[in-house]
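Remarks on the overall topology
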Amino acid sequence: MTEATEREAKTIHRLLEFDPKAFGFKRDLENPLDCDLLVVDESSMVDVMLMQSLLKAVPDHAALLIVGDIDQLPSVGPGQVLADVIGSGAVPVVRLTEVFRQAAESKIITTAHAINAGRMPDLAQPDGEADFYFVPAVDPEQAVSRIVELVSRRIPNRFGFDPIRDIQVLCPMNRGGVGARSLNIELQAALNPAGEKKVERFGWTFAPGDKVMQIENDYDKDVYNGDIGTLEDVDLDEGEVVVDFDGRTVTFVFGELDTLVPAYAATIHKSQGSEYPAVVIPVMTQHYAMLQRNLIYTGVTRGKKLVVLVGQTQAVAIAVKNVSGRRRWSKLDKWLRDPAHRA
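In this report, the structure presented in the accompanying data block is examined.

About the thresholds
- Residues numbered from 1 in each chain as written.
- Predicted model: local features only at pLDDT ≥ 70, side-chain atom pairs only at ≥ 80, totals over all residues.
- Heavy atoms only, no water.
- Helix = DSSP H or I, 4+ residues; strand = E, 2+ residues; numbered from the N terminus.
- Rg over C-alpha atoms; globule rule 2.2 N^0.38 Å.
- Contact = heavy atoms within 4.5 Å.
- Areas by Shrake-Rupley, 256 points an atom, 1.4 Å probe, with all protein chains shown as cover.
- Lys, Arg positive; Asp, Glu negative; His and termini not counted.
- Charge placed at Lys NZ, Arg CZ, Asp CG, Glu CD.
- Buried < 20%, exposed > 50% of the residue type's maximum accessible area, 1.4 Å probe, protein only.
- Polar contact = N/O pair within 3.5 Å; in protein donor to acceptor, adjacent residues only side chain to side chain.
- Patch = residues over 30% accessible without salt bridge, like charges linked within 9 Å, V, L, I, M, F, W, Y side chains within 5 Å.
- Salt bridge = Lys/Arg side-chain N within 4 Å of Asp/Glu carboxyl O.
- Pairing = 2+ DSSP bridges.
- Axes fitted to C-alpha atoms, helices over the stretch in contact; angles between N-to-C directions.

**Here we look at the overall build of the protein chain**
When you go through the protein chain residue by residue, the secondary structure sums to 12 helices and 16 strands. Here the C-alpha radius of gyration of the protein chain, 21 Å, is about what a compact globule of 343 residues would show, namely 20 Å. Expressed as lengths along the three principal axes of its C-alpha atoms, the size of the protein chain is roughly 60 × 55 × 35 Å. For the protein chain, the share of sequence-separated contacts (at least 6 apart) that also reach a separation of at least 24 residues comes to 68%. About 18200 Å² of surface is accessible on the protein chain, with carbon and sulfur atoms providing 50% of the total. Taken together, the 37 basic and 49 acidic charged side chains of the protein chain have centroids lying 7 Å from each other.

This is the structure in structure tokens:
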């Protein structure tokens with residue numbers, strides 16, 4: 001958002017000035033935000049309680065613009081605020097139909113639209129260069145080896161992407177042979193094998209050059225859940241590591257490394273709200289519990305220039321047909337339709 005608007009963008013928690021000691025927000029009805037227009041992006045990720053806290057802090061004179069995609073994953077917390085606001089008809093709604101992230105003829109776009117409509121996407125090998133590919137793998141072992149080959153050699157050699165900086169592996173789940181945890185171990189060994197300058201903590205090895213993700217909000221360090229950085233240095237004498245988050249260096253003592261994990265692979269849930277030059281997504285029947293239309297749709301739409309699915313045609317078909325992840329029961333829609341509640 002900062003890059004697109006050339007204005008400072010913040011997470012909602014930072015905007016509302018979360019106080020970890022009081023476990024509440026400093027911005028509220030008595031201390032509203034200082035703004036005339038508030039734009040909330042990726043609002044499908046905002047749950048009921050956070051949206052309530054945000055609306056309390058919006059001053060009466062200010063306008064509110066909510067932006068989001070209800071076909072992506074819903075919020076981790078309860079509710080489906082964006083879907084209910086749109087469905088209620090209580091506020092004006094504008095649907096954007098022009099594609100800017102990729103060219104309109106992009107196969108990423110046609111694939112995403114097919115998935116969203118419940119149609120099986122075209123998984124056939126394209127004629128010539130394309131921005132979407134399906135690589136078959138009959139079992140988890142074959143999928144892992146093909147993903148490592150794609151990320152470490154095939155995609156960089158063919159498309160020129162940096163394997164660590166530009167390519168992101170996104171998984172339906174953390175566990176399993178082709179889950180994010182297992183793939184992080186394999187990709188770390190292939191892309192950035194640790195030398196003598198390393199530290200092992202909390203089940204992970206950390207070494208200079210590693211791609212890492214913050215998995216908890218840390219308001220003191222000003223780093224937040226989902227932030228991705230590059231580990232710059234391991235100081236064994238001082239017992240600390242230095243991580244570069246978008247040009248800003250942050251120091252962690254070894255005991256704080258439980259808030260960092262390698263990020264060569266991440267879950268699709270963690271990726272929502274982000275975009276990457278190239279995305280590789282394993283889609284296997286062993287992920288059955290997580291194979292849902294909105295999950296695969298969200299993963300595919302994270303890629304700007306290249307998306308590669310690796311796995312089984314059957315698993316893609318299961319995901320496309322499964323809309324169970326969209327079912328949430330909420331009274332917000334009804335309340336928004338009721339003038340008494342809107343007042």
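**A word on the side chain of Ser152**
Note on placement: Ser152 falls in helix 6 (residues 140-159). Classification of Ser152 as buried rests on a relative accessible area of 19%. Looking at Ser152, its side chain comes within polar contact range of the main-chain oxygen of Val148, at 2.5 Å.

**A word on a nonpolar patch on the surface**
A surface patch of nonpolar side chains, amounting to about 360 Å² of accessible area, comprises Met1, Leu37, Val39 and Leu65. Along the chain, Val39 falls in strand 3 (residues 37-40). You can call Val39 partly exposed: its relative accessible area is 37%.

**Observations regarding the sheet that holds strand 11 (residues 240-245)**
Read across the sheet, five strands follow the order 12-11-10-9-13 without closing on themselves; strand pairing throughout is antiparallel. Here the strands that pair on one side only, and so sit at the sheet edges, are strand 12 (248-253) and strand 13 (260-262). Averaged over all neighbouring strand pairs, the angle between strand axes comes to 40°, with direction disregarded.

**Structural notes on the pattern of salt bridges**
Proximity of charged atoms lets side chains of opposite charge pair with each other. Counted under the stated rule, the structure contains 11 salt bridges. Here Glu129 and Arg158 are joined by a salt bridge, their closest N and O atoms 3.2 Å apart. Within this pair, whereas Glu129 is found in the loop between helix 5 (107-116) and strand 5 (132-136), its partner Arg158 is found in helix 6, the two being separated by 29 residues in sequence. Owing to a relative accessible area of 56%, Glu129 belongs among the exposed residues under this scheme. Between Lys197 and Asp233 there is a salt bridge whose closest N-O contact spans 2.7 Å. With a gap of 36 residues between them, Lys197 in the loop between helix 7 (180-191) and strand 7 (199-201) and Asp233 in strand 10 (residues 228-235) connect regions that are remote in the sequence. Residues joined by salt bridges that share partners form a network here, namely Asp162, Arg165 and Asp166.

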